[in-house]
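One letter stands for each residue in the lines below.
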Amino acid sequence: MNAIDIRQGEELRDLYRELILDHARNPRHFHKLGTATHSAEGINPLCGDKLHLYVSVDDAGVITEAAFEGSGCAISVASASLLTELVTGLSKQQALDC
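Residues numbered from 1 in each chain as written. Predicted model: local features only at pLDDT ≥ 70, side-chain atom pairs only at ≥ 80, totals over all residues. Heavy atoms only, no water.

(A) Just the pairing of strand β3 (residues 63–71), in detail. In this sheet, β3 lies alongside strand β2 (residues 50–57) in antiparallel orientation, the contact comprising eight bridges. By the bridge assignment, K50 is partnered in β3 with S71. Hairpin remark: β2 followed by β3, antiparallel, with five residues in the connecting loop; positive phi at G61, about 85°. (Pairing = 2+ DSSP bridges. Helix = DSSP H or I, 4+ residues; strand = E, 2+ residues; numbered from the N terminus.)

(B) Spatial organisation of the pattern of salt bridges. Summed over all chains, the structure comprises one salt bridge. Its salt-bridge partner being R28, residue D22 comes within 2.6 Å of it at the nearest N-O pair. With relative accessibility at 29%, the residue D22 sits in the partly exposed group. Taking relative accessible area as the criterion, R28 reaches 25% and is therefore assigned partly exposed. (Salt bridge = Lys/Arg side-chain N within 4 Å of Asp/Glu carboxyl O. Buried < 20%, exposed > 50% of the residue type's maximum accessible area, 1.4 Å probe, protein only.)

(C) Examining helix α2 (residues 74–87) more closely. If you check α2, its first and last C-alpha atoms are 20 Å apart, about what 14 residues at 1.5 Å a residue would give, namely 20 Å. Taken together, the buried positions of α2 are occupied by S76, V77, A78, A80, S81, T84 and V87. Looking at the residues trailing α2, positive phi occurs at G89, about 95°. (Expected span 1.5 Å × (residues − 1).)

(D) Region of interest: the layout of surface pockets. Taken as a whole, the largest pocket encloses approximately 290 Å³ of empty space. As for the largest pocket, its lining consists of H38, S39, A40, L53, V55, V57, I63, L83, V87, K92, A95 and L96. Looking at the lining of the largest pocket, its residues break down into nine nonpolar, two polar and one charged. (1 Å grid on protein atoms, 1.4 Å probe; cavity = no way out; pocket = protein on both sides within 12 Å on 5 of 7 lines; lining within 4 Å. Points joined across faces, edges and corners; volume = space filled by probe spheres on them. Nonpolar A, V, L, I, M, F, W, Y, C, P; charged D, E, K, R; others polar.)

(E) Molecular detail of unusual backbone geometry. Within the chain, H29 stands out as a residue other than glycine whose phi angle is a positive 60°. By secondary structure assignment, the location of H29 is in the loop between α1 (3–25) and β1 (38–43). The exposure class of H29 is partly exposed, given its relative accessible area of 32%.

(F) Structural detail: the packing of aromatic side chains. Summed over all chains, the structure comprises one aromatic pair. Summarising the aromatic geometry, the rings of F30 and F68 are spaced 5.1 Å apart at their centres and angled 75° between planes, so their arrangement reads as edge-to-face. With F30 in the loop between α1 and β1 and F68 in strand β3, this residue pair connects regions lying 38 residues apart in the sequence. Here F30 falls in the partly exposed class, since its relative accessible area comes to 40%. Its relative accessible area of 1% is what places F68 among the buried residues. (Phe/Tyr/Trp six-rings, centres within 6.5 Å; stacked < 30°, edge-to-face > 60°.)

None of the figures reported here should be taken as evidence of function without further support.
So this is what it looks like as structure tokens:
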């Protein structure tokens with residue numbers, strides 16, 4: 001591995017770190033979704049993270065909206081925030097395949 005590869009790896013890690021911190025500090029779609037057609041709850045008894053995911057799926061099987069609420073560490077909150085952004089607009093099958 002040369003110096004350029006190492007530098008690019010460091011820049012990529014910094015980018016991921018900033019993305020995670022941004023979503024942890026300012027989570028997207030952090031609210032209860034009153035129009036949810038599906039929901040799921042995840043609890044990690046080892047660390048105490050508790051998150052509830054909501055999605056609205058239309059008649060064509062497309063996720064039209066996703067949201068979450070709960071509490072957890074920065075990684076859990078950022079992951080849920082990123083997930084809600086990722087699955088919105090996908091079909092149920094596409095979301096499951098992610």
